Every structure is written in structure tokens, then in C-alpha cells.
Amino acid sequence: MSQQTDEALVIVAHGSHLNPDSSTPTFSHADTIREADAFETVREAFWKEEPSFREVLRIVGAETVYVVPMFISEGYFTEQVIPRELRLQDWDVADWESDGTSADHATYTAADTGATVRYCGPVGTHDSMTDVIVQRARSITDNPDVGPGVGLAVVGHGTERNENSAKAIEYHADRIREAYDFAEVKAMFMDESPEVDDVAALFESDDVVVVPLFVADGYHTQEDIPADMGLALDEPGSYPVPGMVDGTKIWYSGAVGTEPLLADVILERAADAGADVDAAIDRVKRRTGGTTIDAE
Amino acid sequence: MDRESDPVAALVAAVAERSISYDGLSVSKSDGLYTFETTERQVTDLTASALGETAAGDPFVDNWFHWTQRSRSTAEQAFLRWVEHAEERSVPERYSALTSGVVVREWGQLRITATVVDGGRRYGLRHSDDRDADPAELERFVDPLKAREIATTDDKGRYRPLKTAPTLSTGWLFPELTGASLVEAIDFIYPATIQNWALEREGELDVTNWADAADRQSGIYAMVDELSGEQLEWLTEACCVDSQCLKRREWDAADGEEIDTPHGAGAFPCREPCSVVISAARKWTQIEREDTERYTVELTPSEKAQLEALVAAVADGRIDEIREAEFSDPANRQRARYLRAKRFDAEGTLSAESDRPN
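The residue count restarts for each chain, going from 1 along the sequence in the order it is written. The naming scheme follows written order: chains are lettered A onward, ligands numbered 1 onward. Predicted model: local features are reported for residues with pLDDT of at least 70 only, side-chain atom pairs are reported and counted for 80 or more only, and whole-chain, interface and lining totals are derived from all residues. To get the side-chain values, all heavy atoms of the structure are used, and hydrogens and water are removed first.

(A) Spotlight on the overall build of chain B. Helix numbering and strand numbering both begin at the N terminus, where a helix is a DSSP run of H or I of at least 4 residues and a strand a DSSP run of E of at least 2. Assigned secondary structure in chain B consists of 13 helices and 13 strands. Over its C-alpha atoms, taken along the principal directions, chain B stretches across nearly 95 × 50 × 30 Å. Among the 358 residues that make up chain B, the fraction classed as buried is 44%. Any two residues having at least one pair of non-hydrogen atoms within 4.5 Å are treated as being in contact. Partitioning the intrachain contacts of chain B with sequence separation of at least 6 by distance along the chain shows that 56% fall at a separation of at least 24. Per element, the accessible surface of chain B, about 18,600 Å² overall, is 47% carbon and sulfur. Averaging the coordinates of the 42 positive side-chain charges in chain B and doing the same for the 68 negative ones gives two points 4 Å apart. A 1.4 Å probe rolled over the protein chains alone gives each residue an accessible area, and that area as a share of the maximum for its type sets the label: buried under 20%, exposed over 50%, partly exposed in between. Values of accessible area rely on a 1.4 Å probe in the Shrake-Rupley scheme; residue burial ignores everything except the protein chains shown. Counting rule applied: Lys, Arg positive; Asp, Glu negative; His and chain ends not counted. Each charge is placed at NZ for Lys, CZ for Arg, CG for Asp and CD for Glu.

Okay, here's the thing in C-alpha cells:
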């Protein structure tokens, strides 16, 4: 009678004890993927909410589980907390063969259920995240052709916790500079130079789109960064879009993680790890504004 | 009708391969003829077509079909059978109840009802406090994913970081879920409770005691392994008793080292300290690192009693019940403000003399 579903997708995220918005993007991307019929089972799991990383594998009950971290960079959570809590046997960060932004996937047995876990790198460092940042810029300006004459700042936390955090920001900024036609593209940070406080001064363009590379909106994206830039109003989370700072028009987008196209990055991670989800990727891209490449 | 959808066709096909024995139904084949037997009747020497005629419409056959010819996880199967009391009620008893729609189970603050509709099971799900509510008065949901939103905030709109806190919101109803969607809805309200309950029934629940859970922590939580003994009694009293969490605590301090705080009477087990407990433990670890001091504080007996009442009002979550101008309640707001004006300075510090100043 007991039957296990063959393959499941588990999206692991930080979550919060205090702020329900923290898990909202994870749930909405999971729903997009459910609607696209990519996996028989899709489930979210959290460090600070339930189900916990410790108990999610027994919920999905699948033989093969693709685990995709909703984190921006490789570091403490992706390298220590998640593998430990999922009970990935013989986890070794070296298996990812990563330079700090290039983790792809590695395969383990989870001691909890015996499931085969294909443990993927975080969404934040996947190449397709570059397109999500640009899509976020298009969404916030309501301009599908945004680029020429416009500056783009990709904002990260910085090195305070982990050097890979800054690497991920710079990686995407470099890729956008090469592949898109924004007038200027800069990586900026909350706690290191170049600081987001100086955004108006550091860009020459009259219009600058500011996209924070965070998975969810919270204190940093809704209060800290707008205040640092000189945009914040009295209410937390209330800032004008666009807002004027020292003569520069700032289009501040809020967390990139809320952009619907991020569901595509999650699926791309699973696909890179061997999941047969090409058709679902196509459906998700159509639904979330991504560019679809015609299948042969 | 085929064996995928028709219980009788499925039974005839299955018994051609091997004998069936399930929930009081026995069907076997011998020398080309079939014997059909239930706790209610026995019919022997049946041809295959006579077996089909005999089995048609028999609840034992429908029951066998429902529980053996559909794929479910072990936990889902065990839970759904538990919902209709399958282990303790006979098939006729169960079907009579399922048809009249009075099969009920409670799961935390959930009330689950089961019925048989057109040969399939259908489940109703609502808050147990809404047991007598007019269904027309409740907000109706179909998609089990909506259970997630129901579980996010309490009736006052406050965020619920602990899904098994006894603060589930009321006023909603899933009138007609399938077995799989019932399990999915419950998983969003009380994640992993069905799986852990099923593991426990099989004697396979993996419990992690405090010592191992604390030892595993890293980063800012690595410090929590400093808590032990009485501190764990206080911690579980603060977070884990039934008034705070509906899971039944199965973990203790360590192997052979029990925590005396009541484990709780919940239907589903708690297998290890959760993230809320670990996060609170970090705060208590920091506080417990401080040395005690002796303070000399001047209070009237009523003022001392008032401080006690204020702590109790917060600890028991009673603040919202204390009425304006209810001056007989020591935790009344104006009473607290009077005490603060009299005994505390402008910074809110209680006037007290320490034996270890600075």
C-alpha cells in the first residue's frame, strides 16, 4: 500500500518568527511551480518556520528530492545549516566545487528518510538570476525596454557576514553590464564601499533603478536601504517610486526575490541537477514574463 | 466499469490471483469456485459471475476497495483510517456512521468529519470551536493551499510563528476535501504532525533530546547548550505546555534524564526542540549568564502583589481581557501607571539598592 512519489521539489528558505512577509515569496514561487505541474510534490521548508528543514523530507516522502535554497549566496546557511538539518550523509562543501558563486549541485542520501537528495546551489548565484534582476527593473519601471539612458544598481548586504555575499552581487552586475544595455551598472552595498547611501552621487544617469538582491522584503529592504538612500518616508516600507534624491530619479524595486520570474530560477536549479522540467520551465517563463526559448 | 473504478470488478480480478482478507471480509478461491465471507454472512461455491453478483453493493467490498486499491503514503493511510475509527469499529458500523455523516475526529484545534459520497470518502475540516457554527456563516474554501493563509495569523490578526500554538483562527470551512487534500490542508496548518504521529504509532518516531539538539546548534545558537537542569524545566514550562503548544513533548533533557514539566495531552508528538524554543533558549542563555544581586526595594504588600499580578497577566496572555477602569484588577493599565509613577524613575527603572553596585 505504501507508495512513495518519485520526485519532489523542496524549496528551503530562512523564514521568520516575527515577519510573515519573509516566507511570502517562497510560497508564491512554490505555487507557480505547482501550477506548472513540474513535480508531483512541491513543499516549502524553513529555518524559522514550519515545516522545519528537519521534518520536510518525511512530509514529501519521495525517493528523489531536489532541494533548492532560497538564499542569495553560498555561506553559513547553504554550507552548514541546511545540509546538517536535512541530515545529508557525508556532506562536504568541496563536493560543490564552487569558487563562491558557482555551486551547482551534489547528491547525497538523507539519513532521515533514506531519500536521495540532489542538493542545489542557492537561487541567488544562478546565471538566470541575472535575468530576474533585469525583469525586476522592468517591472518597477513598467517599461519592458528599460536600459538605455538608465543606471542600474544591484544592492547587497556586503561582507559583514560572508565574502560570497559581495561576490554574488558583483557577478550579476558584471553579467548585466555585458548582456544588457543599461547606461551604467554598479554593485553597491549596505556595509561596504561603494555604499548605497551614495547612489545618487555615484551614478551619472538621471534615472537609476535600484534592485536589492534579497530573497524577501523585510527590515533591510523596506527600512534600511530606502533610508540610506534618502528615500524613506515615515511609515516603514513606504517610499516613493520613483523618488527624487539630489536630482536623481531613483526607482527602488524592493527585494528581487518577490519577482515572479524567480520561480524560473528555482526550476533551472532543479533542471541543472537532473530534473526533467523543461516543459514546466517554459510554462513558468510564459506566466512570469521571462523570455522563452522555443523548444526544438 | 473496470477494476480501477469498480470495487466488484477489482475484487473478482484480485481474488483470481490470491485470497483476500481485510477488515472482516474474506474471499477465497478453491477448485474454481469462490467463497465470500463477512462478519455478516457467508456464501460458498460461487462462480466468478455469481461472486460479482454477491459482492455488488456490499460495504465490506467497498471498504476493501477504498483502503487497498488506492495509492497513499503509509502515514496518509494510517491517518485517514484513524479518522473513521477503522481500527475499532466494524465495517457496517462505520458505513452507517459515514453515510449519516457523524464520523468526527479532533486533531489539535481541528475538527475533521468524514462521509461517504458516491462511493468515495469526503472530509470536512473546520476549527473545533466552530463545531456548532452554521456552515453558511463560515468562509468556505476548496483549495487545500488556502489552509496556509488560515494558519498564518490568529483571530486578532497577529502573526503565528508557531503553527501548533493553540491560537488557530476560526470562521472557516473546507466542506468537501478528498483524503489526499485533507492531508495536504492539515500539513499546512500543522506541518509534519501526521507523519510524526504515524511514525510514533509504529514505534519509529525519532526523538532528539535537548542535549543532542542543543549540541547540534551553531552560530548564534551554539550557546544554548549552557542551559540544563532546572533551566530546562522553566524553558518547557514557558514554551511547551499545552496552553502554549498543542504538540505532546516527547523529548527530555537527555537519555534517562526526564524533564518534569507535563509532557502534554496532544494527539501528535513533538520530536525535538523547535526553532521557537531554540531562539528563546538563546535569550535565556544570555540572561542566565548574569550573576544575581540582592536588591533592597521598598514596596507595600499590595504593590508586591501587583507586580506578581502583572507578570501573571503577561505570562497567561490575559492583557486583552483586562477592562478599562477595572481598578480591582492589579494588572489594570492605570494601576500599572500609578505604580510606575510612584516607584520607577523617568527611565522606567525601579528604585532599588543593590548589594553589588556597579
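(B) Representation of the nonpolar core in the model. In this description, a nonpolar core means a group of buried Ala, Val, Leu, Ile, Met, Phe, Trp, Tyr and Cys residues linked to one another through side-chain atoms lying within 4.5 Å. Among the nonpolar cores identified, the biggest contains 59 residues, and B:Phe79, B:Trp107 and B:Leu125 are the most heavily contacted of them. Listed in part, the 52 residues of the second largest apolar core include A:Tyr66, A:Cys120, A:Val123 and A:Ala270.

(C) Quick look at the packing of aromatic side chains. Aromatic pairs are defined between Phe, Tyr and Trp rings, using the six-membered ring for Trp, whenever the two ring centres lie within 6.5 Å; interplanar angles under 30 degrees are classed as stacked, those over 60 as edge-to-face, and all others as tilted. In this structure the tally under the stated criterion is 23 aromatic pairs over all chains. Taken together, a centroid distance of 5.6 Å and an interplanar angle of 65 degrees make the contact between A:Trp91 and A:Tyr108 edge-to-face. Of this pair, A:Trp91 sits in the loop between α3 (76-85) and β4 (105-109) while A:Tyr108 sits in strand β4, and the two are 17 residues apart along the sequence. Of the two residues, A:Trp91 and A:Tyr108, neither departs from the other in class, the shared state being buried. Following the ring pairs from residue to residue traces out a cluster consisting of A:Trp47, A:Phe53, A:Phe71, A:Tyr76, A:Phe77 and B:Tyr221. Lying over the aromatic face of A:Phe203, A:Lys186 brings its terminal NZ or CZ to 5.4 Å of the ring centre. By the criterion adopted, a ring carries a charge over it if an Arg CZ or a Lys NZ lies within 6 Å of its centre and within 35 degrees of its normal. The ring of B:Phe188 is capped by B:Arg148, whose NZ or CZ atom sits 5.6 Å from the centre of that ring.

(D) Structural detail: the pairing of strand β2 (residues 41-46) of chain A. Residues and elements named next belong to chain A. Across the six residues that make up β2, a large majority, six, are buried. Where burial is concerned, the two faces of β2 agree: the one with Thr41, Arg43 and Ala45 and the one with Val42, Glu44 and Phe46 are both buried. The sheet contact formed by strand β1 (residues 7-13) and β2 spans six bridges and is parallel. Opposite Ala8, over in β2, you have Thr41 as the bridge partner. Look down the strands so they point away from you; if the path from the first strand over the helix to the second goes clockwise, the crossover is right-handed. The parallel pair β1 and β2, bridged by helix α1 (residues 24-35), forms a crossover whose chirality is right-handed. Note on pairing: two strands pair once DSSP finds at least 2 bridges between them.

(E) Representation of the confidence of the model for chain A in the model. Looking at chain A, the pLDDT average stands at 92 and 95% of residues meet or exceed 70. Looking across chain A, the model is least confident in helix α9 (residues 278-288) of chain A, with a mean pLDDT of 90, and most confident in strand β3 (residues 64-69) of chain A, with 98. pLDDT measures how confident the predictor is about each residue, on a scale from 0 to 100.

(F) Region of interest: the sheet that holds strand β8 (residues 139-140) of chain B. All names here are of chain B. Pairing is mixed in the open sheet, where five strands are placed in the order β5-β6-β7-β9-β8. The two strands at the open ends of the sheet, each matched to only one other strand, are β5 (103-107) and β8. As paired strands, β5 and strand β6 (residues 110-117) are joined by five bridges and run antiparallel to one another. Looking at the pairing, Arg105 lines up with Ile112 of β6. Relative to strand β7 (residues 120-127), helix α7 (residues 179-189) is tilted by about 20 degrees, and along the sheet it contacts β5, β6, β7 and β9 (172-177). Axis definition: a line fitted to C-alpha atoms, limited for helices to the stretch in contact. Angles are taken between N-to-C directions and run from 0 to 180 degrees.

(G) Just empty space enclosed by the protein, in detail. Only protein atoms enter the 1 Å grid used here. Points where a 1.4 Å probe fits but cannot escape make up a cavity, open sets with protein on both sides within 12 Å along at least five of seven lines make up a pocket, and a residue lines them when an atom lies within 4 Å of a point. Grid points are joined across faces, edges and corners, and a volume is the space filled by probe spheres set on the points. This model, assessed by the stated rule, comprises one cavity of 30 Å³ or more. Around the largest cavity, the lining is made up of 29 residues, and of these A:Ser52, B:Glu272, B:Pro273, B:Cys274 and B:Ser275 lie nearest the centre. Mapped by element, the contributors of at least two residues to the lining of the largest cavity are α2 (53-60) of chain A together with α11 (275-288) of chain B. At four residues, α11(B) tops the list of elements feeding residues into the lining of the largest cavity. For the lining of the largest cavity, the per-class residue count stands at 14 nonpolar, five polar and 10 charged. Any residue that is not Ala, Val, Leu, Ile, Met, Phe, Trp, Tyr, Cys, Pro, Asp, Glu, Lys or Arg is counted as polar, Gly included; the first ten are nonpolar and the last four charged.

(H) Quick look at the side chain of A:Asp112. For A:Asp112, the location among the structural elements is in the loop between β4 and β5 (116-120). On the accessibility criterion, A:Asp112 (18% relative accessible area) is buried. Those residues in contact with A:Asp112, other than ones at most four positions away along the chain, are A:Arg54, A:Leu57, A:Arg58, A:Arg87 and B:Asp206.

(I) Up close: the pattern of salt bridges. By definition here, a salt bridge exists when the distance from a side-chain nitrogen of Lys or Arg to a carboxyl oxygen of Asp or Glu is within 4 Å. Taken as a whole and judged by the stated rule, the model has 47 salt bridges over all chains. A:Arg84 is paired through a salt bridge with A:Glu85; the nearest N and O atoms lie 3.0 Å apart. For B:Asp154, the salt bridge is made with B:Arg158, and the minimal N-O distance between the two is 3.0 Å. Since its relative accessible area comes to 46%, B:Arg158 is described here as partly exposed. Overlapping salt bridges bring together A:Arg54, A:Glu55, A:Arg58, A:Arg84, A:Glu85, A:Arg87, A:Asp112, B:Asp206, B:Arg216, B:Arg271 and B:Glu272 as one network.

(J) Expanded view of the interface of chain B and chain A. Tallying the contact residues gives 37 residues for chain B and 29 residues for chain A. Computed with a 1.4 Å rolling probe, the buried area is the accessible surface lost when two parts are put together, summed over both parts. Both faces combined, the contact of chain B with chain A buries some 2,700 Å², and carbon together with sulfur accounts for 45% of it. Looking at the side of chain B facing chain A, the largest losses of area belong to B:Arg148, B:Tyr159 and B:Arg216, adding up to 22% of the total buried there. Scanning the region where chain B abuts chain A turns up nine salt bridges.

(K) Up close: the side chain of B:His66. In this fold, B:His66 is placed in helix α3 (residues 59-68). Every residue in contact with B:His66, bar those within four places of it in the chain, is listed here: B:Arg72 and B:Arg121.

(L) Geometry of the sheet that holds strand β9 (residues 243-245) of chain A. Residues and elements named next belong to chain A. Taken in spatial order, the five strands line up as β7-β6-β8-β10-β9 in an open sheet, and their pairing is mixed. A strand with exactly one partner marks an edge of an open sheet, and here the two such strands are β7 (184-189) and β9. This sheet shows a mean twist of 30 degrees between the axes of neighbouring strands, independent of strand direction. The pairing of strand β8 (residues 207-212) with strand β10 (residues 248-252) spans four bridges and is parallel. Within the sheet, the bridge partner assigned to Val208 lies in β10 and is Ile250. In this fold helix α4 (residues 128-141) packs onto β6 (150-156), β8 and β10, with an angle of close to 125 degrees to the strand it touches most, β8.

(M) Seen up close, the environment of B:Tyr221. Among the secondary structure elements, B:Tyr221 is positioned in the loop between α9 (210-216) and α10 (230-239). A sequence separation of 155 residues divides B:Tyr221 from B:His66, and the C-alpha atoms of the two residues are 48 Å apart. Setting aside residues no more than four positions away along its own chain, B:Tyr221 makes contact with A:Trp47, A:Lys48, B:Ile278, B:Ser279 and B:Arg282. Polar contacts, as counted here, are pairs of nitrogen or oxygen atoms within 3.5 Å of one another; within protein the pair requires one atom able to donate a hydrogen and one able to accept it, and residues that are adjacent in sequence qualify only if both atoms are side-chain atoms. Side-chain polar atoms of B:Tyr221 contact the side chain of A:Lys48, separated by 2.3 Å.

(N) Representation of the packing of α4(A) against helix α5 (residues 163-179) of chain A. Residue and element names in this part refer to chain A. Following both chains from N to C, one finds α4 and α5 inclined at 70 degrees, their axes separated by 9 Å at the closest point. Looking at the two axes, α4 sits roughly perpendicular to α5. In this structure, α4 contributes Met129, Thr130, Ile133 and Val134 to the contact, and α5 contributes His172, Arg175 and Ile176. Residue classes in the contact of α4 with α5 are distributed as four nonpolar, two polar and one charged. Put simply, angles under 35 degrees are roughly parallel, angles over 145 are roughly antiparallel, angles from 65 to 115 are roughly perpendicular, and the rest are oblique.

(O) The arrangement of unusual backbone geometry in detail. The omega torsion of the bond from A:Glu50 to A:Pro51 falls at 0 degrees, within 30 degrees of zero and hence cis. Take A:Pro51: it is sitting in the loop between β2 and α2. A cis amide bond, omega -5 degrees, links A:Ser193 with the succeeding residue A:Pro194. Among the secondary structure elements, A:Pro194 is positioned in the loop between β7 and α6 (199-202). The residue A:Asp246 is not glycine, and still its phi comes out positive at about 50 degrees. Look at B:Asp45: it is not a glycine, yet its phi comes out positive at around 55 degrees. For B:Asp45, the position within the fold is in strand β4 (residues 42-46). For B:Asp45, a relative accessible area of 59% corresponds to the exposed category.

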